[in-house]
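The lines below spell out each chain.
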Amino acid sequence: MSSSSGGQQGPAARQAAMAEQVLADGSATAAELAERFGVSLMTIHRDLDELERQGIVRKFRGGVTAQPSGVFESNVQYRLKTMRAEKAAVAEHALRMVEPGMAILLDDSTSTLEIARRLRTGEVTPLTVVTNFLEAINLLADQRGIHLMALGGDYDPLHSSFLGVSCVEAVEQLRVDVCFASTSAVHGGYAYHQEQHIVSVKRAMLDAAARNVLLIDHTKLGRVALHRVVPLSRFDTVLVDDGASAEALRDLDEHKVRYEVCATKGSDDRAGAT
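The shown structure was predicted, so the numbers you read here are calculated from the model rather than taken from an experiment.

## Considerations on the confidence of the model for the protein chain
Residues of the protein chain with pLDDT of at least 70 account for 88%, and the chain-wide mean is 87. Counted against residues more than four places away or in other chains, residues 1-7, with its pLDDT under 50, gives 14 contacts. Overall, residues 267-273 carries pLDDT values under 50, and its contacts beyond four positions in sequence, including any with other chains, amount to 32 contacts.

Structure (structure tokens):
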């Protein structure tokens, strides 16, 4: 369906609308976008070049995608929309490990963001929460009974989080009871992620905790990404939703990974990212 006003939109407004559509659908062809926005293919490709430069999408021949690959981490706005029921299931399970008086660390994954959402009920207080994820910081900033510690660093809009050397150094000064983290891929006894600067922060977070818990949706099992993060033996528990196949769980068993399967209340048809 073509847009009668698409050609009259300014580039910034058109690109924002285009990004919203691709993030919602997961992918689109350039021809589809040209028809939808009523502009030429040349204009669409210029717009997509800009969206790719911003880290929102990846271009491929004839189109664009917001979905992750082995070397590309999806934009946080796409990740917020995917595998919501599965992330909710593992977060509910993880919350049982949190007790009043604890200090917990949440990484910049949308899986652990579901823990932050549940902490807003105020049922587990007092609590100290440490995070580098702006989405979680915004959720918990005004929550009574929670002492929020925001980790600084270089702001990365693709991940909506603070990263870099200063973030790693800030984490190294802390000692928490539990670190809840997620990652992009799990295979052969290792956790993987696409981006090196994310890996360094996650490793520091795991080193700073007495216990480590990995939250993953089942689409991450049997996948690899560019960088190894840590062996799965670094986690005291791996939480995965009940969409995991028997073969994927067998791989965890073969590597002697301690895991728990979490029941979902619904399903989502899109593949997840961290």
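Read on, since the account is not over.
## Things to note about the nonpolar core
Val171, Leu221, Leu232 and Phe235 are the most contacted members of the largest nonpolar core, which totals 35 residues. For this core, the elements supplying multiple residues, two or more each, are β4 (103-106), α8 (165-172), β9 (176-181), α9 (196-207), β12 (209-216), β13 (227-231), β14 (237-241) and α10 (246-254). Per element, the largest residue contribution to this core is six residues, and it comes from α9. Discounting residues that sit within four places of it in the chain, Val171 has contacts with Leu105, Leu151, Ala204, Met205 and Ala208. Grouped together as the second largest cluster of nonpolar side chains are 28 residues, Val90, Ala116, Val124 and Val178 included.

## Some remarks on the sheet that holds strand β11 (residues 190-193)
Overall, antiparallel pairing links the three strands, which are arranged β10-β11-β13 in an open sheet. With one partner strand each, in any of the chains shown, β10 (185-187) and β13 form the two edges of the open sheet. Shown here is a sheet whose adjacent strand axes are inclined to one another by a mean of 30°, direction ignored. In this sheet, β11 lies alongside β10 in antiparallel orientation, the contact comprising three bridges. Residue pairing for β11: Ala185 is matched across the bridge by Tyr192. The sheet strands contacting α9 are β11 and β13, and the helix crosses β13 at an angle near 10°.

## Topic: helix α2 (residues 30-37)
Those residues of α2 not exposed but buried are Ala30, Leu33, Ala34 and Phe37. Viewed end-on, α2 has its buried residues packed into an arc of 100°, placing them on one side of the element. Of the surrounding elements, those touching the buried residues of α2 are α1 (11-25), β1 (27-29), α3 (41-53) and β3 (63-65). Within two residues after α2, Gly38 carries a phi angle of roughly 65°, on the positive side.

## Re unusual backbone geometry
The linkage connecting Thr125 with the following residue, Pro126, adopts the cis geometry, with an omega of -5°. Looking at the secondary structure, you find Pro126 in the loop between α6 (110-119) and β5 (127-131). Of note, the phi angle at Ser160 is positive, near 55°, even though the residue is not glycine. Relative to the helices and strands, Ser160 is located in the loop between β7 (154-156) and β8 (161-163). Here Ser160 falls in the buried class, since its relative accessible area comes to 4%. A positive phi angle, close to 55°, is found at Lys256, a residue other than glycine. Residue position: Lys256 is located in the loop between α10 and β15 (259-262).

## Digging into the side chain of Ser161
Tracing the chain through its elements places Ser161 in strand β8. A polar atom in the side chain of Ser161 sits 2.8 Å from the side chain of Asp108. Beyond its immediate chain neighbours, meaning those up to four positions away, Ser161 contacts Asp108, Asn132, Phe133, Leu134, Asp154, Tyr155 and Asp156.

## Overview of the sheet that holds β15
One open sheet holds the seven strands; their spatial order is β6-β5-β4-β9-β12-β14-β15, and the pairing between them is parallel. On the outer flanks of this sheet lie β6 (146-150) and β15, each paired with one strand and no other. Each adjacent strand pair in this sheet contributes to an overall mean axis angle of 20°, direction not counted. Across four bridges, the pairing between β4 and β5 is parallel. Counted as the bridge partner of Leu105 is Val130 from β5. The sheet strands contacting α9 are β4, β9 and β12, and the helix crosses β12 at an angle near 135°.

## Digging into the packing of α1 against α2
At a minimum axis separation of 12 Å, α1 and α2 run at an interaxial angle of 130°. As the angle between them shows, α1 and α2 are arranged oblique. Here α1 and α2 pass one another in a crossing that is right-handed. Together, Arg14, Ala17, Met18, Gln21 and Val22 of α1 and Leu33, Arg36 and Phe37 of α2 make up the contact between the two elements. Tallied by class, the residues present in the contact of α1 with α2 amount to five nonpolar, one polar and two charged.

Each value, and the rule that gives it
- Residues numbered from 1 in each chain as written.
- Predicted model: local features only at pLDDT ≥ 70, side-chain atom pairs only at ≥ 80, totals over all residues.
- Heavy atoms only, no water.
- pLDDT = per-residue confidence, 0-100.
- Contact = heavy atoms within 4.5 Å.
- Core = buried A, V, L, I, M, F, W, Y, C linked by side-chain atoms within 4.5 Å.
- Buried < 20%, exposed > 50% of the residue type's maximum accessible area, 1.4 Å probe, protein only.
- Helix = DSSP H or I, 4+ residues; strand = E, 2+ residues; numbered from the N terminus.
- Pairing = 2+ DSSP bridges.
- Axes fitted to C-alpha atoms, helices over the stretch in contact; angles between N-to-C directions.
- Arc of directions from axis to C-beta.
- Polar contact = N/O pair within 3.5 Å; in protein donor to acceptor, adjacent residues only side chain to side chain.
- Parallel < 35°, antiparallel > 145°, perpendicular 65-115°, else oblique.
- Left-handed = near helix turned anticlockwise from the far one by under 90°.
- Nonpolar A, V, L, I, M, F, W, Y, C, P; charged D, E, K, R; others polar.

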